[in-house]
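If you want the building blocks of each chain, they are given just below.
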Amino acid sequence: MLAICILVLSVPSGASAVTKNYTGLVISDEQHEHLVKLGYTEDEIQFMKKEEFEASLAIDGEVISSKTKYYKTTLANGNFQDIEINPLEYSQNKNAIMPHSDGIKTDSYKKITTSIIAVQGIYRYKVSIEWSKFPSVRSNDIIGIGIDNSIVSLITKTNYFQQNYCVTGSIYSSNNENYVKYGTEGVGTVFPLKSGNLKKLSSYFYFSVEKKIECFTESLWRLCSRK
């Protein structure tokens, strides 16, 4: 689906504000707040498709834990290294692609947010990645979330992935180019990073679990106590 990378706002007389997102969905203030409570970022709401939008409105949830970290990924002589950075350094490196040459150091920057969302008696584990400076070398990327199977059990077929990107003058969002791998200690997905000259690049992945014990700590996926 192609659309212009501009949000269209419409505020009818006597009505609450509504927003038309990139995929053409009309989202009211109340619906927007509902999606935020389910752990969706602003970027994810703007790229959301009809099927996920309607499914999300049918459930209630609350973010019970969330943590955001910022990383600089350095590529030098074919080797990658992730370095944790502060939000200021991340924000100062926006919407750029560094040219790549073998043997020359290049950097890319990303924000990673991990969350647990309580959803009607179960828990959704979610990770969101947003790039500020895009990687110059792009092939397959991996998103994964670890779990402690002494605390929770995985609910199969609850995983969802979507990669969002904006190219010159248009946008496209896709959730079908990924391969999900289930393991005893977590779930991950492999997907091809969008190539080309981009203005925006992000992705998110989530799945649901059931808890085996009666409490969670604020630290994600840590054992607190058994009942």
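Residues numbered from 1 in each chain as written. Predicted model: local features only at pLDDT ≥ 70, side-chain atom pairs only at ≥ 80, totals over all residues. Heavy atoms only, no water.

**Q** Any chance you could explain helix α3 (residues 50–57) here in plain terms?
**A** Along α3, the residues that are buried comprise Glu52, Phe53 and Ser56. For α3, the arc enclosing every buried residue in end-on projection is 105°, short of the 170-degree limit, so these residues lie on one face. Along α3, the residues that are exposed and aim more than 90 degrees away from the buried face are Lys50 and Glu51. Contacts from the buried residues of α3 go to β3 (26–28), α1 (29–37), β10 (152–167) and β14 (198–211). (Buried < 20%, exposed > 50% of the residue type's maximum accessible area, 1.4 Å probe, protein only. Helix = DSSP H or I, 4+ residues; strand = E, 2+ residues; numbered from the N terminus. Arc of directions from axis to C-beta. Contact = heavy atoms within 4.5 Å.)

**Q** Any chance you could explain the packing of aromatic side chains here in plain terms?
**A** Think of a pair of aromatic rings as described by two things: how far the centres are apart, and how the planes are tilted against each other in angle. For the structure shown, the criterion picks out ten aromatic pairs. Between Tyr40 and Tyr206 the ring centres are 6.5 Å apart and the planes differ by 80°, which places this aromatic pair in the edge-to-face class. Placement of Tyr40 in the loop between α1 and α2 (42–47) and of Tyr206 in strand β14 is noted, with a sequence separation of 166 residues between them. Look at Tyr40 and you get buried, because its relative accessible area is 4%. On the basis of relative accessibility, which here comes to 6%, the residue Tyr206 falls in the buried class. Centroid distance Tyr204 to Tyr206: 6.4 Å. Interplanar angle 25°. Geometry classified as stacked. Chaining the aromatic ring pairs together yields one cluster made of Tyr40, Tyr160, Tyr204 and Tyr206. Sitting over the ring of Tyr206, Arg124 keeps its end group 4.0 Å from the ring centre. (Phe/Tyr/Trp six-rings, centres within 6.5 Å; stacked < 30°, edge-to-face > 60°. Lys NZ or Arg CZ within 6 Å of the ring centre and 35° of its normal.)

**Q** Quick question: what am I supposed to make of the pattern of salt bridges here?
**A** Pairing between side chains of opposite charge can happen when the charged atoms of each approach one another. Counted according to the given criterion, the structure contains three salt bridges. One salt bridge in this structure joins Asp43 and Lys200, with 3.4 Å as the shortest N-O distance. Taken as a pair, Asp43 in helix α2 and Lys200 in strand β14 lie far apart in primary sequence, 157 residues in all. Under the relative-accessibility criterion, Lys200 is labelled partly exposed at 26%. Residues Glu44 and Lys126 are paired through a salt bridge, measuring 2.8 Å at the closest nitrogen-oxygen approach. With a gap of 82 residues between them, Glu44 in helix α2 and Lys126 in strand β8 (residues 122–134) connect regions that are remote in the sequence. For the pair Glu44 and Lys126, a shared accessibility class is recorded, and that class is buried. (Salt bridge = Lys/Arg side-chain N within 4 Å of Asp/Glu carboxyl O.)

**Q** Would you explain unusual backbone geometry in this entry?
**A** For residues besides glycine, phi is generally negative; the peptide bonds are generally trans as well. In this structure, Gln120 is a non-glycine residue whose phi angle is positive, near 50°. If you trace the backbone, Gln120 turns up in the loop between β7 (106–119) and β8. When its relative accessible area of 54% is taken as the criterion, Gln120 is described as exposed.

**Q** Can you walk me through a nonpolar patch on the surface in this structure?
**A** On the surface, Ile142, Tyr179 and Val190 cluster together into a nonpolar patch covering about 310 Å² of accessible area. With respect to the helices and strands, Val190 occurs in strand β13 (residues 186–192). (Patch = residues over 30% accessible without salt bridge, like charges linked within 9 Å, V, L, I, M, F, W, Y side chains within 5 Å. Areas by Shrake-Rupley, 256 points an atom, 1.4 Å probe, with all protein chains shown as cover.)

**Q** What is the right way to look at the sheet that holds β13 in this model?
**A** For sheets, the rule is that strands pair by backbone hydrogen bonds, running either parallel or antiparallel. Spatial strand order, β9-β13-β12: three strands in an open sheet with antiparallel pairing. Taken across any chain shown, the strands that pair with only one partner, and hence form the sheet edges, are β9 (140–146) and β12 (179–183). In this sheet, neighbouring strand axes are inclined to one another by 15° on average, regardless of whether the strands run parallel or antiparallel. In terms of strand pairing, β9 meets β13 through seven bridges, oriented antiparallel. Opposite Ile142, over in β13, you have Val190 as the bridge partner. (Pairing = 2+ DSSP bridges. Axes fitted to C-alpha atoms, helices over the stretch in contact; angles between N-to-C directions.)

**Q** Help me understand the nonpolar core in this model?
**A** The tendency in soluble globular proteins is for nonpolar side chains to be buried as a group. Ranked by size, the top nonpolar core spans 23 residues in total, and within it Tyr125, Ile143, Leu201, Phe205 and Phe207 carry the most contacts. Of all the secondary structure elements, the ones that give two or more residues to this core are β8, β9, β10, β13 and β14. It is β8 that provides the largest number of residues to this core, a total of six residues. Setting aside chain neighbours within four positions, we find Phe205 in contact with Tyr125, Lys126, Val127, Ile143, Ile145, Asn159, Tyr160, Phe161, Val180, Val187, Gly188 and Thr189. Core analysis: the next-biggest nonpolar cluster, separate from the first, contains 14 residues, Leu25, Leu38, Ile45 and Ile59 among them. (Core = buried A, V, L, I, M, F, W, Y, C linked by side-chain atoms within 4.5 Å.)

Purely spatial values, then, with no claim about function.
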